[in-house]
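# Per-entry structural report
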Amino acid sequence: MRTSLELIEQILQETSKIIIGKEKQIKLSLAAFISGSHLLIEDIPGVGKTTLAKTLAHVLGLNYSRVQFTNDLLPSDIIGVNFYNVKEASFSFKKGPIFSQFMLADEINRASSKTQSALLEAMEENHVSVDGVTYELPKPFFVCATKNPFEEVGTYELPSSQLDRFAISLSLGYPTLEAERKILSSNQKYQLSELKTLEIQEALFLQKELLSIHVSEDILNLLQEILAFTRESGLYITGLSTRAAINLLNISKAWALIAKRDYLLPSDILEVLPYVTNHRLLAKGNTKTSQEIVDEIVQNLHIDT
């Protein structure tokens, strides 16, 4: 078995052949996977959201499914359905696309809240229930959802219960001039089939490596200070939940692992904090960006950056 550093280096190198000039977004996406949580990518169409998901799934060596969310999509279209098997004279369960190791929920906010809620149990507990029967999902199980700006026609707001299931939320943004030139150059094009991939046991090994990251009491104190400030300062509509705190800790540990360390630093927490709070913390008056909110937390808690 190769070391976690060797595996991470391969993932970053191979993914960067397709996703050019977005090193931090690739690392954050990988951190979401390593932490055993889920990823939300919010941006305008055409900047590479789906391409990032497909490339990461391929490089990780995971079984991949893509569901295009539309306003007529039903929960059964995602989870599956019981049907009557005439030959066997009994009901059988036909599994839906959620029974994959890497599921892309494309344009998730084009579906109704009822359909979106079909993911809640799966994302939290790694199983689904149909007609009183529980079905385990494969391991690993990772959901990457893309989301269009709410202002677009035919989109719905994601309920807070759904948003909170995603560990981090990020945007890709437009590429730099240099990166876009490489994208436009025909000699810079790679096919997914040309990329090196991990074995499933290697992907699972990366997630297990999260347990090896040391977290000091000072780091835990810092985490709780951040939580208390978001809940008690009165600056935000709602503070960070306990699930958000667990996500913040695990994403920070994954970030440290990617940075080739087996211990957590305050800088790891501050580096990922904007992406953990981006879809969770809303300032009263809704006038601050996620980075401005993080800067506000740092200044008020006098955190040494």
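About the criteria used
Residues numbered from 1 in each chain as written. Predicted model: local features only at pLDDT ≥ 70, side-chain atom pairs only at ≥ 80, totals over all residues. Heavy atoms only, no water. Helix = DSSP H or I, 4+ residues; strand = E, 2+ residues; numbered from the N terminus. Core = buried A, V, L, I, M, F, W, Y, C linked by side-chain atoms within 4.5 Å. Buried < 20%, exposed > 50% of the residue type's maximum accessible area, 1.4 Å probe, protein only. Contact = heavy atoms within 4.5 Å. Salt bridge = Lys/Arg side-chain N within 4 Å of Asp/Glu carboxyl O.

### Examining the environment of leucine 220
By the element assignment, leucine 220 lies in helix H10 (residues 217–232). Taking the C-alpha atoms as reference, leucine 220 lies 35 Å from proline 149; in sequence the two are 71 residues apart.

### Notes on the nonpolar core
A general feature of soluble globular proteins is that nonpolar side chains tend to end up buried together. Ranked by internal contacts, the top residues of the largest apolar core, which has 67 residues, are Ile34 and Ile168. The element that contributes the greatest number of residues to this core is helix H11 (residues 242–258), accounting for ten residues. Discounting residues that sit within four places of it in the chain, isoleucine 34 has contacts with Ile8, Leu206, Gln207, Leu210, Ala254, Leu257 and Ile258. If you look at the next biggest cluster of nonpolar residues, it comprises 26 residues, including Phe69, Leu73, Phe93 and Val143.

### Digging into the pattern of salt bridges
Considering all chains together, one arrives at twelve salt bridges under this definition. The salt bridge involving aspartate 164 is made with arginine 280; its shortest N-O contact spans 2.6 Å. Of the two residues, aspartate 164 is situated in the loop between helix H7 (160–163) and strand E9 (168–170) and arginine 280 in the loop between helix H12 (266–277) and helix H13 (290–301); the sequence distance between them amounts to 116 residues. Among the charged side chains, a network of salt bridges with common partners joins Glu124, Asp164, Arg165, Arg243 and Arg280.

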